[in-house]
Amino acid sequence: MTDAPILVLLDFSKVFEVDCDASNVGIGAVLSQEGKPVAFFSEKLNHSRTRYSTYDKEFYAIIRALNHWRHYLICKEFILFSDHEALRFINGQHKLNNRHAKWVEFLQAYTFHIKHKSGRLNQVADALSRRHSFLNTMQVKVSGFEILKEQYSEDPFFKQIWTKCSKGPVGSYLLQEGYLFKGNRLCIPEGSLRENIITETHAGGLAGHFGRDKTLSLVKEHFYWPRLERDVARHVERCRTCHMAKSQGQNTGLYTPLPVPTAPWEDVSLDFVTGLPQTQRNKDSIMVVVDRFSKMSHFIPCNKTNDASHVADLYFKEVVKLHGIPKTITSDRDSKFVGHFWRTLWRKLGTKLQFTWATCCEVWWERIFVSGT
Ligand SMILES: [Zn+2]
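Going by an unreviewed UniProt entry, the chain carries the name Putative nucleotidyltransferase, Ribonuclease H and comes from Rosa chinensis.

Before going further, it helps to spend a moment on the coordination of the zinc ion. Of the protein atoms, only H202 (NE2), H209 (ND1), C239 (SG) and C242 (SG) coordinate the zinc ion, at distances of 2.0 to 2.3 Å. Here the zinc ion binds four donor atoms, and the angle range of 103 to 115° at the metal identifies the geometry as tetrahedral. Linear spacing of the donor residues for the zinc ion on their chain is H-x6-H-x29-C-x2-C. With a gap of 40 residues between them, H202 in helix α8 (residues 192-203) and C242 in helix α11 (residues 240-247) connect regions that are remote in the sequence. One exposure class covers both H202 and C242, and it is buried.

Our focus in this paragraph is the environment of Y179. By the secondary structure assignment, Y179 is in strand β7 (residues 179-182). Along the sequence, Y179 and R131 sit 48 residues apart, while their C-alpha atoms lie 10.0 Å from each other. Beyond its immediate sequence surroundings of up to four residues, Y179 is in contact with L135, Q139, F145, E146, L148, K149, Y152, L174 and L186. Polar side-chain contacts of Y179 include one of 3.3 Å to the side chain of Q139.

This part takes up the packing of helix α9 (residues 212-222) against helix α10 (residues 228-238). For the pair α9 and α10, the least separation of the axes is 10 Å and the interaxial angle reads 140°. It follows that α9 is oblique to α10 by the angle criterion. Crossing geometry of α9 relative to α10 is assigned as right-handed. Contact residues: R212, T215, L216, V219 and K220 in α9; L228, E229, V232, A233 and V236 in α10.

Criteria and thresholds
- Residue positions are given per chain, counting from 1 as you read along its sequence in written order.
- In keeping with the predicted nature of the model, local features appear solely for residues at pLDDT of at least 70, side-chain atom pairs appear and are counted solely at 80 or more, and the whole-chain, interface and lining totals rest on all residues.
- Processing note: side-chain calculations cover all non-hydrogen atoms of the structure and skip hydrogens and water entirely.
- Counted as coordinating are nitrogen, oxygen and sulfur atoms within 2.8 Å of the metal, or 3.2 Å for Na, K and Ca, while water is not included, which may make sites look incomplete.
- A four-donor site is classed as tetrahedral when every donor-metal-donor angle falls between 85 and 135 degrees; four donors are called square planar, and six octahedral, when trans pairs exceed 155 degrees and all remaining angles lie between 65 and 115, with any other arrangement labelled irregular.
- Put simply, DSSP marks the helices as runs of H or I at least four residues long and the strands as runs of E at least two long, and each gets a number from the N terminus on.
- Under the scheme applied here, a residue whose accessible area is under 20% of the maximum for its type counts as buried, over 50% as exposed, and between as partly exposed, the area being computed with a 1.4 Å probe on protein chains only.
- For this analysis, residues touch if any pair of their heavy atoms sits within 4.5 Å.
- In protein, a polar contact means a hydrogen-donor-capable atom and an acceptor-capable atom, both N or O and within 3.5 Å, with residues adjacent in sequence counting only if both atoms are side-chain atoms; elsewhere, any N or O pair within 3.5 Å suffices.
- Only the stretch in contact is used when fitting a helix axis, every axis being a line fitted to C-alpha atoms; angles between N-to-C directions are given from 0 to 180 degrees.
- Any angle between 65 and 115 degrees counts as roughly perpendicular, while under 35 counts as roughly parallel, over 145 as roughly antiparallel, and the rest as oblique.
- In a left-handed crossing the near helix is turned counterclockwise from the far helix by less than a right angle, and in a right-handed crossing that turn is clockwise.

Here it is, written out as structure tokens:
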């Protein structure tokens, strides 16, 4: 996890650097000098923009960031850390559509050098957009979530930190979009939300009454409050369902269903409808890919004799280009099939890596993020 960097005062004699990043739901940017952040910017994508291609999202992030800091950037040459591919893509278009034409015209007012993102680990922008997506998810899942912002100033533990953070990050604490974070963990003031979070994580939705350690690690991944460990331990100890299960002698614990997905297109299910009449193009089956978070589905015609590498090809062509690589795939096929499918997908990703870095780097970060915690 990235600790919140301390913001430094900007100095007009030094060169400005702009880092941009786009995720599926939001964009983020950092303005820095000599590698030290001076200002942050983030924005939620509206519904029609979430359907932009990866290149367009990346491009949109650049446009918004430059516009946001135009008073610093318009008068002097600066460095733009971006994905070459996004800009090369737009340069390679023979005929620009209206949107691209407007963006290109906008960019012409600025003077900048482009440096490739991967040359500089884009941790700050990444953490920024990760927190942003997390807040979006919470706003969808928890009604009245915004009230949290007003509770910090009255919370005995957080009120001092909250006041200090209004002037800039303090240690690992920082404010983003009015919410208090400790690193990437959202701070939760005293109140019923703490209990709700524990209940939801331990037994809500499809969660299968996880044990203490599992519940704790899930809660700690996204949330912070003082004595969180104690609260989780108490809750799990007192859970009646867990007690009843134990008293019936089920030492193995309750049946644990699939973990509940927390973001779109991270966990997908892959199934096949077979035995359909053959089409003129020799298709007799449908591959059904469902995002377990949003339930959005893709139906891809295929053939029942297609093996795992064919299926991986199709998946790559039809799904990866839109939504990236998922973290997990659930399938009704046997584990050998799924294993082969994954290997093929990763091999394809490996060969494509240098060409579509933007689509992949999010996944890489995800992996580094997961294994680093
Ligand atoms: Zn329980």
